[in-house]
Amino acid sequence: MSAGKVVRAGQSVARTVAPLKSNNAAEARMSVLQAYKEFQRLTPKFWWDFGLHDMPLGVFRAVIKKQFTKNGHLTDVRVVDRLVGETNMHMESIRMAYYNPDHVRNYLFAENVEAKPKDFLSKFLNGKE
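Residues numbered from 1 in each chain as written. Predicted model: local features only at pLDDT ≥ 70, side-chain atom pairs only at ≥ 80, totals over all residues. Heavy atoms only, no water.

Right, let's get into the packing of helix α1 (residues 25–49) against helix α2 (residues 57–69). Axis separation between α1 and α2 bottoms out at 10 Å; the angle between their running directions is 150°. With respect to α2, the axis of α1 lies roughly antiparallel. Crossing geometry of α1 relative to α2 is assigned as right-handed. Contact with α1, carried on its side by V32, A35, Y36, F39, Q40, T43, P44, F46 and W47, involves L57, F60, R61, I64, K65 and F68 of α2 and no other residues of that element. Within the contact of α1 with α2, the residues separate by chemical class into 11 nonpolar, two polar and two charged. (Axes fitted to C-alpha atoms, helices over the stretch in contact; angles between N-to-C directions. Helix = DSSP H or I, 4+ residues; strand = E, 2+ residues; numbered from the N terminus. Parallel < 35°, antiparallel > 145°, perpendicular 65-115°, else oblique. Left-handed = near helix turned anticlockwise from the far one by under 90°. Contact = heavy atoms within 4.5 Å. Nonpolar A, V, L, I, M, F, W, Y, C, P; charged D, E, K, R; others polar.)

In this fold, V80 is placed in helix α3 (residues 77–95). For V80, the contacting residues outside a window of four places in its chain are A28, V32 and L74.

Structural data, given as structure tokens:
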């Protein structure tokens, strides 16, 4: 593929982009399932090493599952491949203990954190300014 191809005026341009890893949706789905299974295998060690004992292991597995299913609507193979790659990087960081337990909690439970006030009046009423 040549990126600098000259096209005459009035002709339509269609750019083909090579996929990152998967060639079709079925391969992308298989890579997501493989990453999910590997993450679920890692979950007990993850749960124990990061001191997340305040919740049962089953609840923690459900939180991990929720993180995977929230992107279930994606159909672009390139986006799915990118997210699978990010997941693999996160798993490697978990194995090597690069994360702090507080970072893990903020990442997994970001929807439970209250949003910071954005306008002056809300900040004032909350005592932030």
